[in-house]
Amino acid sequence: MKSLSLIAASLALVGLSSAASATVVINQGITEAEVRSAQTAWCKALVDISQTGASKGQAAAKALAEQVIDAAYGYQMGAVLFKPTLTVAPQTFRTNRAGALAYFVGGDTNFPKDKGFALNSWTACESKNAAIFIAGNSASSMGNVMITDKAGKVTTVDKTWTYVKDTAGKLRIVVHHSSLPFGG
């Protein structure tokens, strides 16, 4: 007991009392588990949008896609560097929310070639990373995403994502590049 009293007295002398434990610490660092969780959530959302489209129609799929985009992507923070898999010039890159939504569910006359990638009867989705690079409050991953349709056909895409944490500590996709593997 005497040693605990001495420690408490010493801490008080240097200005470190129990009040120091109430110090607010903000850590925007990203963990590997958070990256993997975000990838799993993205895959689940893709399948959910697809199944919603099949069972309830395009309008319901669009409403769900809006929720997913708002929850997963960083459009509320500014431009997102989104290059979807199946886009062509002059609308290859989707730096705003409307462009992302059109790619996922179609139905936007400003993006007439978009038929709704998320509406392709997807039943499963899995992400396999080649590598994940984490640097404090940002993380990038690169690898493949395998998406299975209702006929059992698997489409593999090359995928790169970059995440940052928003002010609430939620991971947001700020770079999303997707392409079909080179067939050589």
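Here goes a summary of the coordinates provided. From a predicted model like this one, the values you see are computed outputs, not experimental measurements.

## Considerations on the overall build of the chain
Check the secondary structure of the chain and you find four helices and five strands. Moving toward the C terminus, one meets the helices and strands of the chain in the order α-α-α-β-α-β-β-β-β. Per-residue burial over the chain gives 36% buried out of 184 residues. On the chain, roughly 10500 Å² of surface is accessible, and the fraction owed to carbon and sulfur atoms is 61%.

## Concerning the environment of Leu-86
Tracing the chain through its elements places Leu-86 in the loop between β1 (81-83) and α4 (97-105). Sequence-wise, Leu-86 and Ser-179 are 93 residues apart; in three dimensions their C-alpha atoms are separated by 7.4 Å. With sequence-adjacent residues up to four places away left out, Leu-86 is seen in contact with Tyr-103, Phe-117 and Leu-180.

## Things to note about the environment of Leu-119
Structurally, the position occupied by Leu-119 is in the loop between α4 and β2 (122-135). On the basis of relative accessible area, Leu-119 is assigned to the partly exposed category, the value being 25%. The spacing of Leu-119 and Lys-62 is 57 residues in sequence and 9.8 Å in space, taken between C-alpha atoms. With residues up to four places along the chain from it excluded, the contact list for Leu-119 reads Ile-49, Ser-50, Gly-53, Gln-58, Ala-61, Phe-104 and Val-105.

## Some thoughts on the packing of helix α2 (residues 32-56) against helix α3 (residues 58-72)
Relative orientation of the contacting elements α2 and α3 amounts to 160°, with a least axis distance of 7 Å. Classed by the angle they form, the pair α2 and α3 counts as roughly antiparallel. Considering how the two elements wind past one another, α2 and α3 form a crossing that is right-handed. For the pair formed by α2 and α3, the contact residues are Ala-45, Asp-48, Ile-49, Thr-52, Gly-53 and Lys-56 on the first element and Gln-58, Ala-60, Ala-61, Leu-64, Ala-65 and Val-68 on the second. Looking at side-chain class alone, the contact of α2 with α3 contains seven nonpolar, three polar and two charged residues.

Scoring rules and cut-offs
- Residues numbered from 1 in each chain as written.
- Predicted model: local features only at pLDDT ≥ 70, side-chain atom pairs only at ≥ 80, totals over all residues.
- Heavy atoms only, no water.
- Helix = DSSP H or I, 4+ residues; strand = E, 2+ residues; numbered from the N terminus.
- Buried < 20%, exposed > 50% of the residue type's maximum accessible area, 1.4 Å probe, protein only.
- Areas by Shrake-Rupley, 256 points an atom, 1.4 Å probe, with all protein chains shown as cover.
- Contact = heavy atoms within 4.5 Å.
- Axes fitted to C-alpha atoms, helices over the stretch in contact; angles between N-to-C directions.
- Parallel < 35°, antiparallel > 145°, perpendicular 65-115°, else oblique.
- Left-handed = near helix turned anticlockwise from the far one by under 90°.
- Nonpolar A, V, L, I, M, F, W, Y, C, P; charged D, E, K, R; others polar.

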